[in-house]
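Residues per chain, in single letters:
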Amino acid sequence: MHRRLCGTNWEDYMGTLDGKVAIVTGAGSGMGKATAKILAREGAKVVAADISGLQEQTVAEIGANAIAARCDISDEAQLSALVDLAVEKFGRLDAMLNVAGIGAGGPIESMSAQDLDRMLNVNLKGMFFGAKHAVRAMKNNGGGAIINWSSLAGLIPSPNSAAYAISKAGVVMMTKSFAVECGKYNIRSNAICPGLILTEGMGQAAAKAQPDRATVNPLGRPGLPEEAGELAAFLVSDRGSYINGVAIPIDGGWGCLLA
Ligand SMILES: NC(=O)c1ccc[n+]([C@@H]2O[C@H](COP(=O)([O-])OP(=O)(O)OC[C@H]3O[C@@H](n4cnc5c(N)ncnc54)[C@H](O)[C@@H]3O)[C@@H](O)[C@H]2O)c1
């Protein structure tokens, strides 16, 4: 099917992550779940982490090469323990995929200090401390890859999403800071900036609230969680070995219309 459409047979790529160990946060739903399954398909051993309990289902769907972990990414101690768990169970850590995030909108005047703290604690600090502890482990095995889920909203502002946009713009700069500081350890750090992706959580909520957002992009359709997962798998793999410090939109070209 794929070969007919674009000459690519994705099965040719199976095994591109053989021997690698990855942590995926937010692995109970949406892009985290899809990414965990794709990494496992490619041969990686996966620690599927989430706060919801749904990570158990993801692991059940993957089978032998995955373990589930409960982790609240707004707590640095839990992220440190998550990295330790990966090393204890699988012997090393090659990839940290910081997917988990929360979304909330609303006018700036309605935003309380608590709202902003919550957004930054999960979306920005959660990814920062996940990456920080991943670096500690990756240095022991000669390198690795960090992938942080930013958003198109982190590159281009829109009304009623200031707190979310600030957190995601911070993720872009955090990604680049890790890239320039940790390149000497052969640790690459890149960000993915989705447009509207039809996920169980945030994506469907956004599409329901504003249906035109799903189709306004040049491809005229929303993205699928697996499409983000394939990009992540490429960035983690040795095929992405010279890609460092970039924030890649995956948005069907939506950003071109907004720039
Ligand atoms: N879906 C989209 O259209 C879209 C667009 C741009 C960016 N993003 C970003 O992509 C990432 C994934 O989005 P999605 O739509 O797949 O999400 P989703 O809502 O489907 O799933 C998010 C997962 O993160 C988990 N989570 C939330 N808070 C957590 C915490 N404190 N600790 C651990 N896990 C926690 C949830 O339990 C859930 O399983 C998020 O960072 C989101 O901001 C999504």
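Right, let's walk through the structure included here. As the structure is a computational prediction, the values presented were derived from the model and not from experiment.

So, on to the site of the ligand. Taken together, 28 residues surround the ligand, and among them Ser 29, Asp 50, Val 99, Tyr 164 and Thr 199 come closest. Between Gly 195 and the ligand, the recorded distance is 3.3 Å, taken from a backbone N or O atom to an oxygen atom. Contact with the protein chains hides 91% of the accessible area of the ligand, taken as 840 Å² for the molecule alone. Where the shell around the ligand is concerned, the elements lending two or more residues are helix H2 (30-41), helix H6 (162-182) and helix H7 (202-209). Taken together, the residues of the shell around the ligand sort by class into 14 nonpolar, 11 polar and three charged.

Moving on, we get to the packing of aromatic side chains. Inspection of every chain in the model, using the stated rule, returns two aromatic pairs. Measuring from ring centre to ring centre gives 5.1 Å for Phe 128 and Phe 129, while their planes differ by 90°; the resulting arrangement is edge-to-face. A relative accessible area of 36% places Phe 128 in the partly exposed class. Consider the rings of Phe 128 and Phe 178, whose centres lie 5.5 Å apart with planes at 75°: the pair is edge-to-face. Here Phe 178 lies in helix H6 and Phe 128 lies in helix H5 (residues 113-138), a separation of 50 residues in the sequence. Ring pairing ties together the aromatic residues Phe 128, Phe 129 and Phe 178, which thus form one cluster.

Inspection of the secondary structure assignment puts Asn 123 in helix H5. With relative accessibility at 0%, the residue Asn 123 sits in the buried group. Only 2.8 Å separates the side chain of Asn 123 from the backbone nitrogen of Ile 102, close enough to count as a polar contact. Asn 123 has contacts with Gly 101, Ile 102, Tyr 164, Ser 167, Lys 168 and Val 171, leaving out every residue within four places of it along the chain.

Calculation criteria
- Residues numbered from 1 in each chain as written.
- Predicted model: local features only at pLDDT ≥ 70, side-chain atom pairs only at ≥ 80, totals over all residues.
- Heavy atoms only, no water.
- Near = heavy atom within 4 Å.
- Polar contact = N/O pair within 3.5 Å; in protein donor to acceptor, adjacent residues only side chain to side chain.
- Areas by Shrake-Rupley, 256 points an atom, 1.4 Å probe, with all protein chains shown as cover.
- Helix = DSSP H or I, 4+ residues; strand = E, 2+ residues; numbered from the N terminus.
- Nonpolar A, V, L, I, M, F, W, Y, C, P; charged D, E, K, R; others polar.
- Phe/Tyr/Trp six-rings, centres within 6.5 Å; stacked < 30°, edge-to-face > 60°.
- Buried < 20%, exposed > 50% of the residue type's maximum accessible area, 1.4 Å probe, protein only.
- Contact = heavy atoms within 4.5 Å.

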